[in-house]
Amino acid sequence: SAERIRDELVKIFLSPNRVRGWDLLDESGLLKAILPEIEPMKGCAQPEQFHPEGDVFQHTRLMLELLPENVSVPLVFSVILHDVAKPVTSHVDPTGRIRFNEHDKIGAEMTEQIMERLRFSRAEIDATVEMVRQHMVFKDVPKMRVAKLKRFMARPTFEEELELHRVDCESSHGMLDNYKFLQGKREEFANEPIIPPPLVRGEDLIALGMKPGPQFGEILEAVETRQLEGALKDREEALEFVKREFVRSKE
């Protein structure tokens, strides 16, 4: 049954000897039978300047080697499946560089289908899919505004995504700049809740004479953005901001 196969895969990949398990599954032909989406990774070339380690299959195996002994189901399966869409998205652009456009988005869809087929729990599927979907965002973190960065880091899967990012980098180009940047930000934000309690709520907008509707979400997000960036310090400042930017504009 799918459930039994899933349980055996989980035992293998949660084991500290997971790479030996990966190799035995591959050599026996079981990997191809159980996870046929993995087979096309073999021979799927990657740009050498970013991936001197070899094709997508070799890259994935090396990532498994670099994981710590104790891992969760979402972390180890996000490693196995984060590049599952590279073979189906691979193409060479006019400059001659290999590209994998939207492999993160398509990979997330494929991950969901694979894990549903193997009867993983909804929580495990959702976490793994989110990690696969977000894994390319890490290249952009130094350019993010503070509010966007805090929201990104506040998501429940962030800590394990950071570990996925680390082994992704260490198994390829070796550049850990963004990993170290995020470690620094984690320490910087550690003294207070990364997403603090809101300064303004929906009932405050109603008290200002506004009618509930789609604009409420936009206003509350605008307040939160300025709160996260340190531009609004307290409730009074936030209410003044709302009155100035949203209430008076309607008069």
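A. Seen up close, helix H1 (residues 2–14). Given a rise of 1.5 Å per residue, 13 residues ought to cover 18 Å, and the 18 Å separating the end C-alpha atoms of H1 matches this to within 8%. Contacts from the buried residues of H1 go to helix H2 (18–28), helix H3 (30–34), helix H4 (56–66) and helix H5 (73–81).

B. Region of interest: the packing of aromatic side chains. Here the structure, examined in full by the defined rule, presents eight aromatic pairs. Considering the side-chain rings of Trp22 and Phe57, the 5.1 Å spacing of their centres and the 35° angle between planes classify their relative orientation as tilted. Here Phe57 lies in helix H4 and Trp22 lies in helix H2, a separation of 35 residues in the sequence. Members of the aromatic cluster, connected to one another through ring pairs, are Phe13, Trp22, Phe57, Phe77 and Phe120. Directly above the ring of Phe57 sits Lys42, whose terminal nitrogen or CZ lies 5.0 Å from the centroid.

C. Geometry of the layout of surface pockets. By volume, the largest pocket amounts to about 810 Å³. As for the largest pocket, its lining consists of 28 residues, and the residues nearest its centre are Phe50, His51, Met136, Lys139 and His173. Elements represented by at least two residues in the lining of the largest pocket include exactly strand E2 (98–99), helix H7 (103–117), helix H10 (158–170) and helix H11 (177–188). At three residues, the largest contribution of residues to the lining of the largest pocket is made by H10. Grouping the amino acids of the lining of the largest pocket by side-chain chemistry returns nine nonpolar, nine polar and ten charged.

D. Focus on the state of the cysteines. The tally for this structure, following the rule as stated, stands at zero disulfides. In this structure Cys44 is not part of a disulfide, and its nearest cysteine sulfur, from Cys169, lies 19 Å away. The class of Cys169 is buried, set by a relative accessible area of 5%.

E. Spatial organisation of the nonpolar core. Phe13, Ile38, Leu64 and Phe77 are the most contacted members of the largest nonpolar core, which totals 41 residues. Elements that contribute at least two residues to this core include exactly H1, H2, H3, H4, H5, H7, helix H8 (122–134) and H10. Setting aside residues up to four positions removed in sequence, Leu64 forms contacts with Phe13, Arg18, Val19, Trp22, Val76, Val79 and Ile80. In this structure, Leu199, Phe216, Ala222 and Val247 belong to the second largest nonpolar core, which totals 15 residues.

F. Highlighting the side chain of Ser78. The topology assignment puts Ser78 in helix H5. Sequence-distant contacts of Ser78, that is, excluding residues within four places in its chain, are made with Thr128, Met131, Val132 and Leu164.

Basis of the calculations
- Residues numbered from 1 in each chain as written.
- Predicted model: local features only at pLDDT ≥ 70, side-chain atom pairs only at ≥ 80, totals over all residues.
- Heavy atoms only, no water.
- Helix = DSSP H or I, 4+ residues; strand = E, 2+ residues; numbered from the N terminus.
- Expected span 1.5 Å × (residues − 1).
- Contact = heavy atoms within 4.5 Å.
- Phe/Tyr/Trp six-rings, centres within 6.5 Å; stacked < 30°, edge-to-face > 60°.
- Lys NZ or Arg CZ within 6 Å of the ring centre and 35° of its normal.
- 1 Å grid on protein atoms, 1.4 Å probe; cavity = no way out; pocket = protein on both sides within 12 Å on 5 of 7 lines; lining within 4 Å.
- Points joined across faces, edges and corners; volume = space filled by probe spheres on them.
- Nonpolar A, V, L, I, M, F, W, Y, C, P; charged D, E, K, R; others polar.
- Disulfide = S-S within 2.5 Å.
- Buried < 20%, exposed > 50% of the residue type's maximum accessible area, 1.4 Å probe, protein only.
- Core = buried A, V, L, I, M, F, W, Y, C linked by side-chain atoms within 4.5 Å.

Just geometry here; none of it tells us what the structure is for.
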